[in-house]
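An overview of the molecular structure
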Amino acid sequence: MIQLVLTLFILFFCLLTLCIIWRNNSRKYISSGTVASAYDAWTQDKLLERLWGEHIHLGFYATGKQNIDFREAKVQFAHKLVNWSGLDKLPKGSRILDVGCGIGGSSRILAKYYGFNVTGITISPAQVKRARELTPSGLNCNFLVMDALDLKFEDGSFDAVWSVEAGAHMNDKNKFADEMLRTLRPGGYLAIADWNSRDLRAYPPTFFEKLVLKQLLEQWVHPNFISINEFSNILRVNKNSAGRVISENWNFYTNPSWYDSIIEGIRRPFVILSLGPLAIVKSIREIPTILLMNWSFKKGLMEFGVYKCRG
Ligand SMILES: C[S@@+](CC[C@H](N)C(=O)[O-])C[C@H]1O[C@@H](n2cnc3c(N)ncnc32)[C@H](O)[C@@H]1O
C-alpha cells in the first residue's frame, strides 16, 4: 500500500514537472514584452528573491573561489564595479540612472553607500512595485517602468549610467548603447556589466555549442549575445562617448556564482519548501540552465564583460 502511494506520488510529481516545463517552456524572446512577463513571473512567485536576495546578478569572488556567501559576493560585486568604473569619484547627490534595475539591489547600494540620487528603470511592472516596497523612505531611489531602448529622459540628464546584466535581454545592442550614452552628460561615467558570448564570427560555435547557446537564449529570454569586443566597439564609435572604452572579462571573479546559486537551495531548503511544491519544481527547472551557464563561462563560450567609458 505504501509503495503504491509512493509510486503514485512520484508519478504525479513527474507529471506536474512535465506540465510546468511544457507550460513555461516559452521563455523565448519575442519582444521586450516577453522579458517583462518573465520578470513579472519571477518576481511574483518570490522564489528568486527569497533564494538569491535582492540582487539578480552574479557575485564577485576576489580569489575566484567560493569562499564567501553568495549574497555577500553580490554586494561585493556592486562595490567593485563602482570602484572599477570610477563612480566613487562622483560627489554625493550625483544623478545616477540604473538601467534594468531589477528589484533595486544596486540602486539602493548606490544611494545608501555613495549618497547618489538614483533612478532605476525596468521593463517589469512587478519589479518596480517590489523595488518600491523594499526601499526605505528617505533613500534617494525612484523606480519607473520604462524600456531601456526608449528612455524617456532628456539628453545628458545623468552624471552616471549604470547597467548590470540587462544588455543580454536587448535585441538591439546599438540602441541600448545609444540610449545610455544619450542620457549621460558629457564627462559623466558609464558602468556596464553583462553576459557576452565569445566572438562567434571569429570562432564559430561547434554543433554542441550551438545547442548550448540555443538553450541559454531560449530559457532566459535572451534575443542574442555579442562578444565583449563587439559591444566595446559599439560604445567606442557612439557619437556621445568620449571614445576611450575599457573592458575586461570577469569570468574568473564571477564563475563561482553558478554553483553557489544552486547550493543556496541546499543551504536554505526551507525557502523553497515554504513556497510549496510548485516552487520545488520551478527551482529544479532552472538547474540545467544554470549548469550550462557554468559550463559555458568556464569554457569561454560565454564571457562576463565589464565596460567603462566617459560621456
Ligand atoms: C538579470 S536582471 C538584472 C537586474 C539588476 N540589474 C540587478 O543586478 O539586480 C535583468 C534586468 O533587465 C531588465 N530589462 C530587460 N530588458 C529590459 C528593457 N528592454 N528595458 C528595461 N529593462 C529591461 C529586466 O526587467 C531586469 O530587471
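Residues numbered from 1 in each chain as written. Predicted model: local features only at pLDDT ≥ 70, side-chain atom pairs only at ≥ 80, totals over all residues.

Within the structure, the ligand sits among 24 residues, and His57, Gly100, Gly102, Ala148 and Ala166 are positioned closest to it. Of the residues forming the shell around the ligand, the biggest block, 3 residues, is contributed by helix α2 (residues 32-44). For the shell around the ligand, a count of residues per class yields 11 nonpolar, 11 polar and 2 charged. (Near = placed C-beta within 6 Å. Helix = DSSP H or I, 4+ residues; strand = E, 2+ residues; numbered from the N terminus. Nonpolar A, V, L, I, M, F, W, Y, C, P; charged D, E, K, R; others polar.)

We now examine helix α11 (residues 256-267). One turn of the α-helix equals 3.6 residues, which is why residues spaced by three or four share an orientation. Taking 1.5 Å as the rise per residue, α11 with 12 residues should run 16 Å; its terminal C-alpha atoms sit 16 Å apart, in good agreement. When α11 is considered as a whole, its buried residues turn out to be Pro256, Ser257, Asp260, Ser261 and Glu264. Around the axis of α11, the buried residues are gathered within 135° of arc, so they sit on the same side. Close packing links the buried residues of α11 with α3 (47-52), α4 (70-85), α10 (251-254) and α13 (277-299). (Expected span 1.5 Å × (residues − 1). Buried ≥ 20, exposed ≤ 12 C-beta atoms within 10 Å, placed from the backbone. Arc of directions from axis to C-beta. Contact = placed C-beta atoms within 7 Å.)

Moving on to α13. Look at α13: 34 Å from first C-alpha to last across 23 residues, which is about the 33 Å you get at 1.5 Å a residue. Maximum bend of α13: about 25°, positioned at Ile287, with proline Pro288 one to four residues after it. Taken as a whole, α13 has its buried residues at Lys282, Met293, Ser296 and Phe297. (Bend = angle between axes of the 7 residues up to and from the residue.)

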